[in-house]
Amino acid sequence: MKLSELEKGQRAIVESVDLEDDIKKRFSSMGLSRGIILRVCRRTFGSDSLHVKLDCSSCIALSKKEAKHIEVTPIGGGFGFCHRKGGGYKKDCCEFGC
Amino acid sequence: MLKTIKVAIVGQPNVGKSSLINAISNAKLHVGNFSGVTVEKKEVFLKTDLYDIDMTDLPGIYSLNAYTPEEQVAKNFLINEDFDIILNVVDANTLSRNLIFSLQLMDMHKKMILVVNMVDEIESKGGKIDKDALESLLGIPVILTSAKEHKGVDEISTQIIKLKKEDKKANKIYYDERVEQRIEKLAKTLQKSPHFRDDDYARFIAIRLLDRDEQVYKIIHDLPIFIEVHSMLEKMYKNLELEFDEDSTTDILSNERAAIAYNLQMEALNLKDEDEGMSEKIDNILIHPILGLPIFLFFMWALFQLTFELGNIPMNFIGEMFTQTQNFLADFLPKGMFNSLLTDGVLPAVGAVVMFLPNILILFFGLNLLEQTGYMSRAAYLMDGFMKRFGLQGKAFVPLVSGFGCTVPAYMAARTLKNPKDRIITMLVLGFMSCGARLPIYVLIIAAFFANHNPGNVLFAIYIGGAILGLIVAKILRTVLFKGEPEPFVMEMPPYRFPSSKALFMDLWIKTKMFLKKAGTFIAFASMIVWFLSAYPKNDMITQNFQTKIEQAKSSKAKAALKNELNAKLLENSYLGSVGKFIEPVFAPLGFDWRMSVSVVAGLAAKEVVVSTMGTLYAVGGESGASKGLISKIRENVDFKAAVALLLIIMIYSPCLAAMSTFYAEIPQWAWRVFYTIYPNVVAWIFAYSAYKIL
Ligand SMILES: Nc1nc2c(ncn2[C@@H]2O[C@H](COP(=O)(O)OP(=O)(O)O)[C@@H](O)[C@H]2O)c(=O)[nH]1
């Protein structure tokens, strides 16, 4: 599933970022890289841009065009712990808002 | 001579670096530019008993894989400059993301201090940062600070001195065994070149090369060992990517760092509950998909209303003050050239400008608040889709809005755009965002001609009109001259934070000082020239002619009328009159008289000069120069159509000299410089002419 297809409020784990090297590095230094849990907080009118919360800590805005190239796997709702690729478990704090 | 310790302050944007610097006690702040570029360079000097500490604040940078030109400046400094200690500031709220960058910095294997800022926010959430854990894991000193509550800030200088004396560098970051092997091998090869004798430096370069850092690759490119390194690298890229099943070695290193950073955070950050999301609640309203845009427009509208209405209250008072001083000095000082220079030339001009200080301060305050609270990046997010339709992206929105304040820093802010085409389009249309210095002219004209309408609304319409024109021109430029897509839009949205009132007022105070200084020096000087040009050459013939007529005149009314006629005649025959006559043909189709023409041209030096020149030119022959006098003078002398034409010219034509030279410094291509210098004036004239004809 692509990041652009996520519903508002849905959480997902990032599987891959298939963008050009430059912008991929940019995303990763802003905290969006493989293995991270994210949540779509909202979209703008017409869904041109997305407001996404990363790893329960920082928020970024990105446009749909790039979001189409980010592969994600949605993770179930509910409280508890969720697995994070690359090691470790994280308390699922994203449950409260963004 | 004390020994100097050179410190580079590095950190991601919004971690509170500037607040921290402002909070350091006894520090001297010096603001300049990085050599050759117009990126602001803040240096902090601190004297202690044993050392001088010289700290350079680098622009916020997300990682060593510099993306924007501004980040490039920070990176260049880190790679090329000589310094003793890296002071890495991180935000406790986004610790793991920040630490990824810290790990890149640690690859340099220099002396380093980690400053974890905003601990107050973690503590208020009931969390805790384990300083000792971080220290032992990273092997570098860690300081927990809160710039807001002034905690831990003064520990920074103590720690710098301590670290300078010690001979202890940061821990090495060890990557996966397979990566380490390659780093070692590569570093060995690099050391064959005299450039990379130093073990640490060779290792750092090797890591950067494996990280596919193009800039570092270019350094290698010109060296004799290039061929050997190049073929070795190619093989390593291929093998590593196979072994790790990744697209690029960059990903391998990023994943490694992300995992280390994540585990560091697990060890060091103890956070019971995630915050309930105050920012989230505010965002639900402020960047609502449908309400978001109207709310933003409302904020802007409210700002311009306040700018006009609130700013107008002290205006009369300031104007009155200047008129009083003027009248007093005119009587007090001996009659003569100096008296006239001061009371007819400088004071009305400076007064006409200073009157608008309150308006300008309100505007700046509002824009500052939008920026500092974190709302501006939300507005950029809201506008991204809209801006894309005009060939720009959301991030360009930030420099455009700051253009309402002052064009110069706005040009510099365009450095946060990576794509050169995006940058140049943004900069070419930035002038259409009316800056604060144009405000006095608008306020003057509005007060003279639109007083019956809601002045705040007219002002808002002018600013919005400029913005819309800018977007249309951007679209045209994108389709005609700069074909291609705008760069991808990605931007951080920091949580809402209310800036400290101290910081806000500090900023206003600096603005006020700068404005008064400009009014007292540059504007005063310009008005002296204008006055001189308008008062000379003395024409005794005309004067004598009129003197006799005035004496013969019967009523005092006729006398006054003749006096005015005399002054007008004298002005027309002055140097300035000749200049005005010379340029009049250009402006005549717009209904301008020569005084307006001269004022507009003088405005190319600085927009304040338009008003000050009008102050001088229309004041001559009047009883009181500055303030309300000027408004009624303008109303008497200028017709409505010409006033609208003037508004349009001011809205569109070239910005001031300072802005133009900033543009030249930023854009090296002569073709664009020439284009930039000419086209706004042509557009301005066409608009003004059309308005004059149609109305
Ligand atoms: N709560 C809190 N807020 C801070 C702290 N330091 C800075 N801020 C706020 O964070 C925002 C960004 O700070 P700034 O110094 O502009 O960040 P810079 O981009 O790194 O220079 C401002 O609104 C500051 O008031 C801190 O220690 N605690």
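Small disclaimer: the values here were computed from a predicted structure and weren't measured.

Even after reading the chapter, I still don't get the sheet that holds strand S2 (residues 28-33) of chain B, so can you show me in this structure?
One key point about sheets: their strands pair by backbone hydrogen bonds, in either a parallel or an antiparallel sense. Residues and elements named next belong to chain B. Taken in spatial order, the seven strands line up as S2-S3-S4-S1-S5-S6-S8 in an open sheet, and their pairing is mixed. Taken across any chain shown, the strands that pair with only one partner, and hence form the sheet edges, are S2 and strand S8 (142-144). The mean angle between the axes of side-by-side strands here comes to 25 degrees, regardless of whether they run parallel or antiparallel. Against the sheet, helix H3 (residues 95-106) contacts strand S1 (3-11), strand S5 (85-91) and strand S6 (111-117), and its axis sits at roughly 165 degrees relative to S5.

How do you make sense of the interface of chain A and chain B when you look at a structure like this?
Reports often express the size of an interface as the amount of accessible area lost when the parts come together. The interface is formed by 42 residues belonging to chain A together with 49 residues belonging to chain B. With both chains or domains summed, chain A and chain B bury close to 3,800 Å², and 50% of this area falls on carbon and sulfur atoms. Among the residues of chain A in contact with chain B, Lys25, Arg26 and Arg42 of chain A are the three that bury the most area, contributing 17% of the side total. Note that Lys65 of chain A and Glu485 of chain B form a salt bridge whose closest N and O atoms lie 3.7 Å from each other. Between the two partners, chain A and chain B, sit 16 residue pairs in polar contact (both at pLDDT 80 or more). Those elements that provide at least two residues to the side of chain A that touches chain B are helix H1 (21-29), strand S2 (37-43), strand S3 (49-54), strand S4 (58-63), helix H2 (64-67) and strand S7 (89-91) of chain A.

What is the right way to look at a nonpolar patch on the surface in this model?
Side chains of Ile468, Ile472, Ile476, Val480 and Leu481 of chain B sit close together on the surface and give an oily, nonpolar patch of about 440 Å² of accessible area. With respect to the secondary-structure elements, Ile468 of chain B resides in helix H21 (residues 455-480).

Just to check I follow, could you spell out the environment of Val350 of chain B for this structure?
All names here are of chain B. With respect to the secondary-structure elements, Val350 resides in helix H14 (residues 337-354). Taking relative accessible area as the criterion, Val350 reaches 11% and is therefore assigned buried. In this structure the C-alpha to C-alpha distance between Val350 and Leu417, which are 67 residues apart in sequence, comes to 38 Å. The contacts of Val350, once residues within four sequence positions are left out, are Phe322, Ala519 and Ala524.

Help me out: how do you make sense of unusual backbone geometry in this one?
All names here are of chain B. Across the junction of Tyr536 and Pro537, the peptide omega takes the value -5 degrees, indicating a cis bond. Counting through the fold element by element, Pro537 comes out in the loop between helix H22 (501-535) and helix H23 (540-552). Notably, Asn14 is not glycine yet its phi reads approximately 70 degrees, a positive angle. By secondary structure assignment, the location of Asn14 is in the loop between S1 and helix H1 (17-23). The backbone of Asp245 shows a phi angle near 55 degrees, a positive value even though the residue is not glycine. Mapped onto the elements of the fold, Asp245 is located in the loop between helix H10 (226-244) and helix H11 (249-268).

Scoring rules and cut-offs
Residues numbered from 1 in each chain as written. Chains lettered and ligands numbered in written order. Predicted model: local features only at pLDDT ≥ 70, side-chain atom pairs only at ≥ 80, totals over all residues. Heavy atoms only, no water. Pairing = 2+ DSSP bridges. Helix = DSSP H or I, 4+ residues; strand = E, 2+ residues; numbered from the N terminus. Axes fitted to C-alpha atoms, helices over the stretch in contact; angles between N-to-C directions. Contact = heavy atoms within 4.5 Å. Buried area = accessible area lost by both parts, 1.4 Å probe. Salt bridge = Lys/Arg side-chain N within 4 Å of Asp/Glu carboxyl O. Polar contact = N/O pair within 3.5 Å; in protein donor to acceptor, adjacent residues only side chain to side chain. Patch = residues over 30% accessible without salt bridge, like charges linked within 9 Å, V, L, I, M, F, W, Y side chains within 5 Å. Areas by Shrake-Rupley, 256 points an atom, 1.4 Å probe, with all protein chains shown as cover. Buried < 20%, exposed > 50% of the residue type's maximum accessible area, 1.4 Å probe, protein only.

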